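Tertiary structure, described
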Amino acid sequence: MNLHEYQAKQLLKSYNVPVQDGYACSTVHEAEEAYRQIKNDSGSNFAVIKAQIHAGGRGKGAIKENGINGVKVGKSLEEISDFANKILGGTLVTIQTGPAGKVVNKVLVAQDMYYDGVSDRKEFYLSILLDRTKGQNVIMYSTEGGMNIEDVAHNTPDKIFKEWVHPSGGLQAFQARKIAFNLGLSGAAFKNCVKFVTNLYNAYIGLDCAMLEINPLFKAADDKIIAVDCKMGLDENSLMRHPDLASLRDVTEEDPTEVEAGQFNLNFVKLDGNVGCMVNGAGLAMATMDMIKLSGGEPANFLDVGGSANAQTVEAGFKIILKDPAVKAILINIFGGIVRCDRVAQGVIDAYQKLGNINIPIIVRLQGTNAVEAKKLIDESGLQVQSAILLSEAAELVKKAVA
């Protein structure tokens, strides 16, 4: 579950991680009030306004409707008001959103960390995530932070450092010091960085993060170390331990069909193909998608209905798949282990009759418990549903359907 920058920063503050202060605003009026407050607190006319979407590259991205960047610095109330008016409600297109972009419903108005013109400042990069190849969390960091970090990783990978953290011992003090040293810090900045890294790692563990990225990590002129930006993703499987965090989810930032699928406890991921898939079990779903590609089609989705598929889940899956106009056929591939195939077959029939007017081929492959009885139910239903027992048979039917 991804969070907005302003949400992530609030969580980091609870772990004593210094962050760039700001105010989340949904209207131009709120942005103006935020600017007045920041000007009063900092004594500076400068403030930054940032579009709040679940994507990076906002500073390089542009609003479709007017071409303004997703991150702007203003030095007056009039400028902040104008920027807020142009960003809020606009569609921000970045390298991570794709050409469709994302609608901006909130902006973050914050103190500009660069307004003083002092040269003794530095930008770093730091992130924490799981390295699955080693089974350990890894802290990735670089002296070259900022908007061009992707270019740094591509062109000068030697400037990207990694520090692995063993799960049994956690982050050690010498590792935090090593990170501060490799970033070229000394004196008060060194000590502040050690404390920052330690607290940030505690936040990563305590919040059950899947990913935590600070870019830029900022060394101010007074040697304070501050998170100017933050991208945070939470492990959805851990939300049972954090019921308060579940409320931070912004479904407007997610694919509507994936949100709908979640309401029925379906694991759904939208893809760009022409064959809809409905399968029970993630492994079988992956194999089914491979078979679709081998047969000449392209998977339109990943849809795992789980081990207890029934008429309700099958109907919900049908509705979600049929919302995609690119789908030319639907392949239902169920292995009857926990669930009986004849019950799934009856669920398919019931859902088909209830939905009606399904004008694309439906191929049903049922294998396992009561597979023969299930095939008989499908064949005698009188519906435009083709049945198969072998996966190779289902693949041939798919091939004919998309030819």
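Above this text sits the structure in question.
Just so we're clear, the structure is a prediction, and the values are computed from it rather than from any experiment.

Digging into the nonpolar core
In this structure, Leu12, Leu126, Ile139, Leu200 and Met232 are the most contacted members of the largest nonpolar core, which totals 40 residues. Per-element tally for this core: the top contributor is helix H6 (residues 187-206), with nine residues. Excluding anything up to four places from it in sequence, leucine 126 contacts Ile139, Met140, Tyr141, Ile179, Val197, Leu200, Leu212, Glu213, Ile214 and Leu217. Listed in part, the 33 residues of the second largest apolar core include Val314, Ile320, Val327 and Ile362.

Topic: the side chain of glutamine 20
Mapping glutamine 20 onto the fold places it in the loop between helix H1 (5-13) and strand E2 (22-25). Among the polar contacts listed, one links the side chain of glutamine 20 to the side chain of lysine 9, at a separation of 2.9 Å. A polar contact of 3.0 Å, which involves the side chain of glutamine 20, links it to the side chain of lysine 50. Among residues more than four places away in sequence, those in contact with glutamine 20 are Glu5, Lys9, Val48, Lys50, Ala110, Gln111, Met113, Ile226, Ala227 and Val228.

Focus: the environment of phenylalanine 218
Along the chain, phenylalanine 218 turns up in strand E12 (residues 209-219). Once the C-alpha coordinates of phenylalanine 218 and cysteine 193 are considered, the two residues, 25 residues apart in sequence, prove to be 9.9 Å apart.

Brief notes about the sheet that holds strand E7 (residues 102-103)
Pairing in this open sheet of three strands is antiparallel, and the strands run E4-E6-E7 from one edge to the other. Lying at the two open borders of the sheet, with one neighbouring strand each, are strand E4 (62-63) and E7. Bridge count between strand E6 (residues 91-93) and E7: two bridges; the pairing is antiparallel. The residue of E7 that forms the bridge with threonine 91 is valine 103.

The rules behind these values
- Residues numbered from 1 in each chain as written.
- Predicted model: local features only at pLDDT ≥ 70, side-chain atom pairs only at ≥ 80, totals over all residues.
- Heavy atoms only, no water.
- Core = buried A, V, L, I, M, F, W, Y, C linked by side-chain atoms within 4.5 Å.
- Buried < 20%, exposed > 50% of the residue type's maximum accessible area, 1.4 Å probe, protein only.
- Helix = DSSP H or I, 4+ residues; strand = E, 2+ residues; numbered from the N terminus.
- Contact = heavy atoms within 4.5 Å.
- Polar contact = N/O pair within 3.5 Å; in protein donor to acceptor, adjacent residues only side chain to side chain.
- Pairing = 2+ DSSP bridges.

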